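# Structure at a glance
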Amino acid sequence: MTRPLNNKPTIRNGLGVFVLFLFCSSCQRQDMTATEYFNHFNSFQSESYIEKSENGVRYKLQYRPKDFQAINALKGSGLIDRETVDNQMDSFADAQLYCLRIEVDSSGEDILKHNLTDQADYFRRLELLNNAFPRMTWGMSGRDTIYTGFHHFERTYKLRPFVQVLFSLNGNESQNPDEIVFEDYIFNNGTEIKFEELNQYHNRLPKLKL
């Protein structure tokens, strides 16, 4: 007597392939128009950054691609085409530009006033953000340390106040860091905040379609 075929493994394998397809599709980069691309990074949409939380403080690290930098410089000009963007990148853009946003984890409290010991501590934080940030932040590429060069501190007074620092690593364009470390002596007593697996993060960022 011929035994009936058991097709359950086939169905199970088919479901596995389907789930893998959905997972891979979700990891693929998206193509975005100039407006979509600008808003994706400028408004800090959730897919544009990676984040860590430590002792009630949230850290959001965002890479600022050269395409975004060019569009940001050209916004309002009406000249957003591939040639103009490429020319702007060649003359202006930084291949190692990042933005670190810091805010209180679960409230609208001003991060600069979070757990203050006294008024002098408030001004100490401002001093560290303005002058000491490069010594607290570095990248790692293999065994090589990539130090911070340029940095610029900003703050906001919105409903959810935060501070953010725009900074550039002194690596070459092909030397993307594997991780970035922020040794937070400003809000967290020197705790090391490590942003790891940056290659995966870079690979899933959207692409500009012009």
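Presented here is a report on the structure given in the accompanying data block.

### Quick notes on the sheet that holds strand β6 (residues 144-155)
The strand order across the open sheet formed by eight strands is β2-β3-β4-β7-β6-β5-β8-β9, and the pairing between neighbours is antiparallel. The sheet is open, and its two edges are formed by β2 (49-54) and β9 (191-195), each paired on a single side. Each neighbouring strand pair of the sheet contributes to a mean axis angle of 25 degrees, computed without reference to strand direction. Bridge count for strand β5 (residues 137-141) against β6 is four bridges, and the pairing is antiparallel. Across the sheet, residue G139 finds its bridge partner in β6, namely I146.

### Focus: unusual backbone geometry
One non-glycine residue with positive phi stands out, namely N55, at about 55 degrees. With respect to the helices and strands, the residue N55 is situated in the loop between β2 and β3 (57-63). What makes N55 exposed here is its relative accessible area of 54%. In the Ramachandran plot, E197 falls in the positive-phi region, its phi being about 55 degrees despite a non-glycine side chain.

### What about the packing of aromatic side chains?
Aromatic ring pairs are described here by two measures, namely the spacing of the ring centres and the angle between the planes. Applying the stated criterion across every chain, the model contains ten aromatic pairs. Aromatic pair F44 and Y49: ring centres 5.6 Å apart, planes at 35 degrees, arrangement tilted. With a centroid separation of 5.9 Å and an interplanar angle of 20 degrees, the aromatic rings of Y98 and F167 are classed as stacked. Placement of Y98 in strand β4 (residues 97-104) and of F167 in strand β7 (residues 163-169) is noted, with a sequence separation of 69 residues between them. According to the relative accessible area criterion, F167 is buried, its value standing at 1%. Taken together, the aromatic side chains of Y59, Y63, Y98, F133, F167 and F182 make up a single cluster linked through ring pairs. For R101, the ring lying beneath its charged end belongs to F44, and the centroid distance is 3.8 Å. Seen from the ring of F162, R101 lies directly overhead, with NZ or CZ sitting 3.8 Å from the centre.

### As for the environment of M32
Tracing the chain through its elements places M32 in strand β1 (residues 31-32). Sequence-wise, M32 and L210 are 178 residues apart; in three dimensions their C-alpha atoms are separated by 8.4 Å. The contacts of M32, once residues within four sequence positions are left out, are Y37, H40, P206, K207, L208 and K209.

What counts and how
- Residues numbered from 1 in each chain as written.
- Predicted model: local features only at pLDDT ≥ 70, side-chain atom pairs only at ≥ 80, totals over all residues.
- Heavy atoms only, no water.
- Pairing = 2+ DSSP bridges.
- Helix = DSSP H or I, 4+ residues; strand = E, 2+ residues; numbered from the N terminus.
- Axes fitted to C-alpha atoms, helices over the stretch in contact; angles between N-to-C directions.
- Buried < 20%, exposed > 50% of the residue type's maximum accessible area, 1.4 Å probe, protein only.
- Phe/Tyr/Trp six-rings, centres within 6.5 Å; stacked < 30°, edge-to-face > 60°.
- Lys NZ or Arg CZ within 6 Å of the ring centre and 35° of its normal.
- Contact = heavy atoms within 4.5 Å.

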